[in-house]
Amino acid sequence: MSGLLLEDRTAVIYGGGGAIGGAVARVFAREGARVFIAGRTQARLDAVARDIAAAGGKVETAQVDAFDQEAVERHADAVAATTGRIDVALNAVSVMHDQGTLLADLSLEEFMRPIDGFLRTLFITSKAVARHMGRERPGVILNLSEPGARLAVGGILGHGVSAAGKEAFSRLLAAELAPGNVRVVGIRPHAVLDGPAAGSYTGELFRPVAQAGGQSVQEFLEGGLAQGTLLKRLPTLAEIAETAAFLASDRAAAITATVVNLSAGALVD
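**Digging into the packing of helix H6 (residues 202–212) against helix H7 (residues 217–227)**
H7 packs onto H6 with a crossing angle of 75° between their chain directions and a minimal axis gap of 9 Å. The orientation of H6 relative to H7 falls into the category roughly perpendicular. Every residue of H7 that contacts H6 at Gly 203, Phe 206, Arg 207, Val 209 and Ala 210 is listed here: Val 217, Phe 220, Leu 221 and Leu 225. Taken together, the residues of the contact of H6 with H7 sort by class into seven nonpolar, one polar and one charged.

**Re a nonpolar patch on the surface**
A contiguous nonpolar surface patch, about 320 Å² in accessible area, is contributed by Leu 230, Leu 231 and Val 268. Along the chain, Leu 230 falls in the loop between H7 and helix H8 (237–248).

**What to know about the pattern of salt bridges**
Applying the stated criterion across every chain, the model contains 15 salt bridges. With a closest N to O distance of 2.8 Å, Glu 31 and Arg 30 form a salt bridge. Residue Glu 31 is classed as buried on the basis of its relative accessible area, which comes to 10%. For Arg 30, a relative accessible area of 43% translates into the label partly exposed. Residue Arg 113 is joined to Glu 109 by a salt bridge in which the shortest nitrogen-to-oxygen separation is 3.5 Å. One end of the pair, Arg 113, and the other, Glu 109, are both in helix H4 (residues 108–130), four residues apart, so they sit about a helical turn from each other. Given the relative accessible area of 57%, Glu 109 is considered exposed. Linked through salt bridges whose partners overlap, the residues forming this network are Asp 8, Arg 85, Asp 87 and Arg 137.

The rules behind these values
- Residues numbered from 1 in each chain as written.
- Predicted model: local features only at pLDDT ≥ 70, side-chain atom pairs only at ≥ 80, totals over all residues.
- Heavy atoms only, no water.
- Axes fitted to C-alpha atoms, helices over the stretch in contact; angles between N-to-C directions.
- Helix = DSSP H or I, 4+ residues; strand = E, 2+ residues; numbered from the N terminus.
- Parallel < 35°, antiparallel > 145°, perpendicular 65-115°, else oblique.
- Contact = heavy atoms within 4.5 Å.
- Nonpolar A, V, L, I, M, F, W, Y, C, P; charged D, E, K, R; others polar.
- Patch = residues over 30% accessible without salt bridge, like charges linked within 9 Å, V, L, I, M, F, W, Y side chains within 5 Å.
- Areas by Shrake-Rupley, 256 points an atom, 1.4 Å probe, with all protein chains shown as cover.
- Salt bridge = Lys/Arg side-chain N within 4 Å of Asp/Glu carboxyl O.
- Buried < 20%, exposed > 50% of the residue type's maximum accessible area, 1.4 Å probe, protein only.

Below, the structure is given as structure tokens:
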């Protein structure tokens, strides 16, 4: 009997060339999944695919814009036609947004950008994969959010509302899909310690506030943000990826309609 968590599973990862998406793809493949990674930048997808192939994993890439509903649906249909099903899907798509601007100086466009962007792509990708999931074989949809979903601090209006929306979306979608044997689980990491070094957009996101304090982005992460957590540290890409693999597996078969808090204690659930 194999000890692999995701043996013989088909997994689709949107934003698969990114820091979190790539880390999860590598772990999913290590755990026996056939991984389909989709994203807008082929070079980044290829880099992840090379790592997976070198480790003996099964991976295919596709240049897909997760904001293009027709393109996402065509890709999901093609994956299901090839494998017969989709067992696991993760949305790790990033949307650059504002953090730090208060209401008086925040434009409507800046406020709406993460709300419309993140929730639009969640709707598109979830709808595309859900029709190929569940019934006789359980399906799992994983989504990412942030501590901003619950924090009460200034300067993150759009970010916080979008994060709360992602968690509400996951919870409500879980209720809809449960009768079809599909689980939906949110994952809420904090800023990821090694994310910027892996090419995460958060390097650019945090640079202005770090520079304002005379720090590098890494110093800002290890100092200010980490010290605001119970564990006095931030989660790593490896921790997020390993948790995602567990949640996608049958070992987490009773978990749905909830958010797994990986913020190292920035928030206590």
